[in-house]
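Reading the structure
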Amino acid sequence: MLKLNLHKKDMQKGFSLIELMIALVLGLIVVAGTISLYVTSIKSSSVVKNSSQLSQELGGVMTVMTNDIRRAGYWGEAISGSDSRLNIFNGLNILNAGDCILYSYDTDSDGAVDANEYYGFKLNAGTVQIRTAGSTITNCSDNTDTWVNMLDSGLINVTTLIFSSANSKCINVTTNEVAVCSALPTPTAGDDIVEVRYIEIQLDGQASADTTIEASITSSVRVKNNRVYTQ
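Quick summary incoming for the structure in this document.

The rules we used
- Residues numbered from 1 in each chain as written.
- Predicted model: local features only at pLDDT ≥ 70, side-chain atom pairs only at ≥ 80, totals over all residues.
- Heavy atoms only, no water.
- Patch = residues over 30% accessible without salt bridge, like charges linked within 9 Å, V, L, I, M, F, W, Y side chains within 5 Å.
- Areas by Shrake-Rupley, 256 points an atom, 1.4 Å probe, with all protein chains shown as cover.
- Salt bridge = Lys/Arg side-chain N within 4 Å of Asp/Glu carboxyl O.
- Helix = DSSP H or I, 4+ residues; strand = E, 2+ residues; numbered from the N terminus.
- Pairing = 2+ DSSP bridges.
- Disulfide = S-S within 2.5 Å.
- Buried < 20%, exposed > 50% of the residue type's maximum accessible area, 1.4 Å probe, protein only.
- Axes fitted to C-alpha atoms, helices over the stretch in contact; angles between N-to-C directions.

**Things to note about a nonpolar patch on the surface**
Where nonpolar side chains cluster on the molecular surface, the patch consists of Ile 18, Ile 22, Val 25, Leu 26 and Ile 29 and spans about 500 Å² of accessible area. Examined against the element boundaries, Val 25 turns out to sit in helix 2 (residues 17-69).

**Thoughts on the pairing of strand 11 (residues 210-222)**
In terms of strand pairing, strand 10 (residues 198-207) meets strand 11 through 10 bridges, oriented antiparallel. Of the residues in strand 11, the one forming a bridge with Tyr 198 is Arg 222.

**Things to note about the state of the cysteines**
Inspection of every chain in the model, using the stated rule, returns two disulfides. Residue pairing for Cys 100: its cysteine sulfur links by disulfide to Cys 140, the two sulfurs lying 2.0 Å apart. Sign of the S-S torsion, about -100° for the bond between Cys 100 and Cys 140, identifies this disulfide as left-handed. Here Cys 100 is found in strand 2 (residues 100-104), whereas its partner Cys 140 is found in the loop between strand 4 (127-133) and strand 5 (146-149), with 40 residues between them in sequence. Note on accessibility: Cys 100 and Cys 140 belong to one class, buried. With its sulfur 2.1 Å from that of its partner, Cys 170 forms a disulfide with Cys 181.

**With respect to the sheet that holds strand 11**
Read from one edge of the open sheet, three strands run 6-10-11, paired in antiparallel fashion. Two strands in the sheet have a free side with no partner beyond their single neighbour: strand 6 (156-164) and strand 11. Adjacent strand axes in the sheet meet at a mean angle of 15°, parallel and antiparallel pairs treated alike.

Here's what the structure looks like:
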């Protein structure tokens, strides 16, 4: 018969201090790696969330601006054969080094420019504002105008808003000359001019929670209503 012979010292043998320390170090490495992976995952998720929110918010503002600016100069009382030179809604001004645009259009089709028919957009204190009421298209700082924030400045910081009409084209109907408006030969008094207006918009912003997250959007708006005037 086979006898099992165990020594007492064999039964009491366990891990040595060095083995325990090695196991502890390996365990700490695994835990540290897991924590690092978790932190990286959370940070990446936050970046994606903030970046997506920034692009979505700026895109929404750009859509509102392009759609509204396109309506500038609409004249509700105009009928076939109307003299477009008499359109009192055709004023459009880009002011404050290009960060503010003012215009009007006939919302209620009564032929008169009412206080709630003065519109515009401007950059102010890191956000884009829309004008819902006013009294002029020549002053972006009139305290009697009503301006409303379009973005939450706590989430989005707008760094750039620029409007430009540099690509607008002018046609001298009298002489048949066509050029970018700034390059059109000086008309003679009495010449009829048609201005086909293009507004270029640049909108840049960053996430307030992480300024390294940035986005930039550009758009070109063809104003539906041409400006017609006599030199």
